[in-house]
Amino acid sequence: MTFEPEQLGQSRTDLAEKLRELRKRAGLTGDRLARRCNMSQSQISKFETGKKTPKLVDVERILRAVDAPPEMVAEITALARVANTEWQDKRSSWRRGMEKRQAELAALESDATELRYFLPSMVTGLLATPEYIRASLSHTPGDSSRTVARKLERQAVLYNTAKRFTFLITEQAARWAVVPAPAMSVQIDRLASLSHLPNVRIGVVPLGTPTGRGPMNTFTVYDNRLATVENFTGRMVFRDARDISEYLAVFTQFEQHARFGDDARSLLRHWADDCRN
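As the structure is a computational prediction, the values presented were derived from the model and not from experiment.

(A) Highlighting the overall build of the chain. Along the backbone of the chain there are 13 helices and seven strands. Each principal axis of the C-alpha distribution contributes one length, and for the chain these read about 75 × 40 × 35 Å. Burial statistics for the chain: of 277 residues in total, 47% are counted as buried. Of the contacts formed within the chain by residues at least 6 apart in sequence, a portion of 75% connects residues at least 24 apart. Averaging the locations of the 42 positively and 34 negatively charged side chains of the chain gives two centres separated by 4 Å.

Structural data, given as structure tokens:
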């Protein structure tokens, strides 16, 4: 199903209306439907008023309970997938303040136990040096000093051994000259250093490695519950289990081609030395 970003908010309203119509068409009260679905009546009410977005599995239970016709199942399932997707454009983030975005990321990192990052083009802020972070924010409007500080504060989460991090970094991402060569050598050295943390796995994918598919986008998967995908103008947030499963499969495919441990550190040292020469 294709859609425009502005459709995402409307899809939640449309989904709520469709679910309410289906229940009424089936001659069920909210309480009776809730019992059939093993849900609470207040949960059904929130779904039908748009106060809460149902997950796809919730929608499937409701569709079975009301014996929805196949054409309605297809339409409402598609609506549910879009409703569980969120578009966050960069201009809105700038208007709200970049520090708020940092607080949102910190909350995601705090809630998750296993975090996976696929980095085909740049190093993420959790692994970045202060100079690299400042340079990466040079295109954002206004004073970025508070955002830099917030990004650096977030790096403390890497030392929480209750969490597991896997970063997959392409050679292009590791070597892309966001800062001048001397500073890039420091940045690459930092990657090698962080790879020694017991709960942090840093894998690198050298150029020329046959992978079977191209590295389309930067993305992050938080546990098995949420995935974010970034491009130049913003990010998509996926909460549907099928979308998350697809990103986990892509991650696993690239992970199988990455170098870890001493092999990765050897490559990183070589790339850092290139920057120093």
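This is not the end of the story, as more comes after the structure.
(B) Local environment of the packing of aromatic side chains. Counted according to the given criterion, the structure contains seven aromatic pairs. Plain terms: the ring middles of Phe 118 and Phe 219 are 5.3 Å apart, the flat faces sit at 40° to each other, and that makes the pair tilted. Taken together, the residues span a long stretch of sequence, with Phe 118 in strand 2 (residues 114-119) and Phe 219 in strand 5 (residues 218-222) at a distance of 101 residues. Across this residue pair, the class does not change: Phe 118 and Phe 219 are buried. Here Phe 118 and Phe 254 contribute two aromatic rings whose centre-to-centre distance is 4.6 Å and whose plane-to-plane angle is 15°, an arrangement assigned as stacked. Separated by 136 residues along the polypeptide, Phe 118 in strand 2 and Phe 254 in helix 12 (residues 241-255) bring together distant segments of the chain. On the basis of relative accessible area, Phe 118 is assigned to the buried category, the value being 1%. A relative accessible area of 4% means that Phe 254 is categorised as buried. A cation sits over an aromatic face here: Arg 201 above Phe 260, 4.1 Å from the ring centre.

(C) Layout of the pattern of salt bridges. Enumeration over the complete set of coordinates arrives at 16 salt bridges. Taking the shortest distance from any N to any O, the salt bridge between Asp 223 and Arg 225 comes out at 3.7 Å. Residue classification places Asp 223 among the buried positions, given a relative accessible area of 19%.

(D) Structural detail: the sheet that holds strand 2. Read across the sheet, seven strands follow the order 1-7-6-5-2-3-4 without closing on themselves; strand pairing throughout is mixed. Lying at the two open borders of the sheet, with one neighbouring strand each, are strand 1 (85-89) and strand 4 (200-205). Averaged over neighbouring strand pairs, the angle between their axes works out to 15° when direction is ignored. Inspection of the sheet shows strand 2 paired to strand 5 by four bridges, in the antiparallel sense. By the bridge assignment, Phe 118 is partnered in strand 5 with Phe 219.

Calculation rules
- Residues numbered from 1 in each chain as written.
- Predicted model: local features only at pLDDT ≥ 70, side-chain atom pairs only at ≥ 80, totals over all residues.
- Heavy atoms only, no water.
- Helix = DSSP H or I, 4+ residues; strand = E, 2+ residues; numbered from the N terminus.
- Buried < 20%, exposed > 50% of the residue type's maximum accessible area, 1.4 Å probe, protein only.
- Contact = heavy atoms within 4.5 Å.
- Lys, Arg positive; Asp, Glu negative; His and termini not counted.
- Charge placed at Lys NZ, Arg CZ, Asp CG, Glu CD.
- Phe/Tyr/Trp six-rings, centres within 6.5 Å; stacked < 30°, edge-to-face > 60°.
- Lys NZ or Arg CZ within 6 Å of the ring centre and 35° of its normal.
- Salt bridge = Lys/Arg side-chain N within 4 Å of Asp/Glu carboxyl O.
- Pairing = 2+ DSSP bridges.
- Axes fitted to C-alpha atoms, helices over the stretch in contact; angles between N-to-C directions.

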